[in-house]
Amino acid sequence: MSITRTLGEFIIEHQNHFPHASGDLSSLLGSIKLAAKIVNREINKAGLVDITGSVGAENVQGEEQQKLDLYANDKFKAALEARGQVCGIASEEEDEAVSFNKELNKNAKYVVLMDPLDGSSNIDVNVSVGTIFSIYHRVSPIGSAPTAEDFLQPGHKQVAAGYIIYGSSTMLVYTTGKGVHGFTYDPSIGVFCLSHEKMMIPATGSIYSINEGNYIRFPTGIKKYIKYCQEDAPEDNRPYTSRYIGSLVADYHRNLLKGGVYLYPSTQRHPDGKLRLLYECNPIAFLMEQSGGKATDGYQRILDIKPTELHQRVPFVVGSTIMVEKVESFLQQYPD
Ligand code: P6P
């Protein structure tokens, strides 16, 4: 593998694109990089040590917490607190936002929201999982404890966002609003190396990702879209291929590279959908728009939604623009 730029070099290089950059964001991204390496190490040996399975507790979502969920949460939280750029975090694994009160965090200007290990129920069956992160400037006064407003900002205010996918290889993919760039981890030297610069999603594709087990509980427009995907229409490379891993980061990453659309619509059981706005949909939507795709709740741009609660859910349609707009057209045509 030819030696390319490392993630650290790339971050510093791009820091110079921000005239007033103080280096704080670069250092913050560096702490995420460190935590990603630590979590990656544990995931890669999960089958060998007693760190898979559940801890017998539930998170605020009422979901069974996996040991690695909590491990990942602790490592990212510690890494983000250690360098002084972050004044607080929100996490799928924390009921409330966590304020960092050490002296070195007092003048921090960022907050971070994260899903420390998305799709973790797949760990035991060796399926790819991911970490998702979202970074904002705090809006409350520097020097005070972070407030709810710092965490309840609309997605278009994000400063940076990204994910780590722990798959056949481990990758860190992020944006600071100047394109999306992917780095593949080389464990032999412990470095993330630039492997996918300026990642752009194809305008259309032939993959749709949805849990069809919920079919009877979907809105009519979604049912009609699924049947549309299955129709034989060679001019539009249909019938499409159904690919659904049950791990958002893995489904998203595949569709980003090949073109496609991921849907988690509202259902009778989850009227607001299942995915969380703040630390799943917003960061993924920021990345998707930076890659030339689209992300909506079926009707409105995800990044324009004004959050009201830390763990609120939204229906989610994300992927190739032409495919997302086809989903939206069916929802318009068949309002329930
Ligand atoms: P279902 C994992 O729990 C997750 O949040 C996403 O990563 C994934 O796409 C979705 O939920 C899977 O949900 O209901 O299809 O199992």
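None of the values given here were measured: they were computed from a predicted structure. (Residues numbered from 1 in each chain as written. Predicted model: local features only at pLDDT ≥ 70, side-chain atom pairs only at ≥ 80, totals over all residues. Heavy atoms only, no water.)

**A word on the site of the ligand**
Item 1. Around the ligand there are 13 residues in total, and Asp118, Tyr244, Leu248, Tyr262 and Tyr264 lie nearest to it.
Item 2. Within the contact set of the ligand, an oxygen atom lies 2.5 Å away from a side-chain nitrogen or oxygen of Asp118.
Item 3. Of the residues assigned to the shell around the ligand, the class counts are five nonpolar, four polar and four charged. (Near = heavy atom within 4 Å. Polar contact = N/O pair within 3.5 Å; in protein donor to acceptor, adjacent residues only side chain to side chain. Nonpolar A, V, L, I, M, F, W, Y, C, P; charged D, E, K, R; others polar.)

**Digging into empty space enclosed by the protein**
Item 1. Scanning the entire structure with this criterion turns up one cavity of 30 Å³ or more.
Item 2. Taken as a whole, the largest cavity spans an internal volume of roughly 30 Å³.
Item 3. Lining the largest cavity we find Leu7, Ile11, Leu29, Ile32, Lys33, Phe133, Leu172 and Tyr174.
Item 4. For the lining of the largest cavity, the secondary structure elements donating two or more residues are helix H1 (7-15), helix H2 (24-44) and strand E8 (170-175).
Item 5. If you tally residues by element for the lining of the largest cavity, the top one is H2, at three residues.
Item 6. Counted by class, the lining of the largest cavity contains seven nonpolar, no polar and one charged residues. (1 Å grid on protein atoms, 1.4 Å probe; cavity = no way out; pocket = protein on both sides within 12 Å on 5 of 7 lines; lining within 4 Å. Points joined across faces, edges and corners; volume = space filled by probe spheres on them. Helix = DSSP H or I, 4+ residues; strand = E, 2+ residues; numbered from the N terminus.)

**Thoughts on the UniProt feature "binding site: substrate" (unreviewed entry) in the protein**
Item 1. On the UniProt side, "binding site: substrate" (unreviewed entry) is annotated at positions that read Asp118, Gly119, Ser120, Ser121, Asn211, Tyr244, Tyr262, Leu263, Tyr264 and Lys274 here.
Item 2. For Asp118, the location among the structural elements is in strand E5 (residues 110-118).
Item 3. Overall, Asp118 belongs to the buried group, its relative accessible area being 7%.
Item 4. Look past the residues within four positions of Asp118 in its chain and what remains in contact with it is Val129, Gly130, Ile132, Ser247, Leu248, Val249 and Glu280.
Item 5. When you line up the elements, Leu263 lands in strand E13 (residues 261-264).
Item 6. Judged by relative accessible area, Leu263 falls into the buried class, the value being 1%.
Item 7. Not counting residues within four places of it along the chain, the set of residues in contact with Leu263 comprises Ser209, Ile210, Ile222, Tyr225, Phe316, Val317 and Val327. (UniProt positions renumbered as here; feature names shortened; annotations may be inferred. Buried < 20%, exposed > 50% of the residue type's maximum accessible area, 1.4 Å probe, protein only. Contact = heavy atoms within 4.5 Å.)

**Looking at the packing of aromatic side chains**
Item 1. Scanning all chains against the criterion turns up eleven aromatic pairs.
Item 2. Ring centres of Tyr185 and Phe192 lie 4.9 Å apart, and the angle between their planes is 45°; on these two criteria the pair is classed as tilted.
Item 3. Among the aromatic residues, ring-to-ring pairing joins Tyr225, Tyr228, Tyr240, Phe330 and Tyr334 into one connected group.
Item 4. When the ring centre of Tyr215 is taken as origin, the NZ or CZ atom of Lys227, which lies over that ring, is 5.1 Å away. (Phe/Tyr/Trp six-rings, centres within 6.5 Å; stacked < 30°, edge-to-face > 60°. Lys NZ or Arg CZ within 6 Å of the ring centre and 35° of its normal.)

**Let's talk about the sheet that holds strand E14 (residues 294-296)**
Neighbouring strands of a sheet are bound in pairs by backbone hydrogen bonds; such pairs are parallel or else antiparallel.
Item 1. With respect to topology, five strands assemble into an open sheet ordered E12-E11-E13-E15-E14, the strand pairing being mixed. Taken across any chain shown, the strands that pair with only one partner, and hence form the sheet edges, are strand E12 (241-242) and E14.
Item 2. In the sheet, E14 pairs with strand E15 (residues 316-319) via three bridges, with the strands oriented antiparallel. Residue pairing in the sheet places Lys294 in a bridge with Gly319 of E15. (Pairing = 2+ DSSP bridges.)

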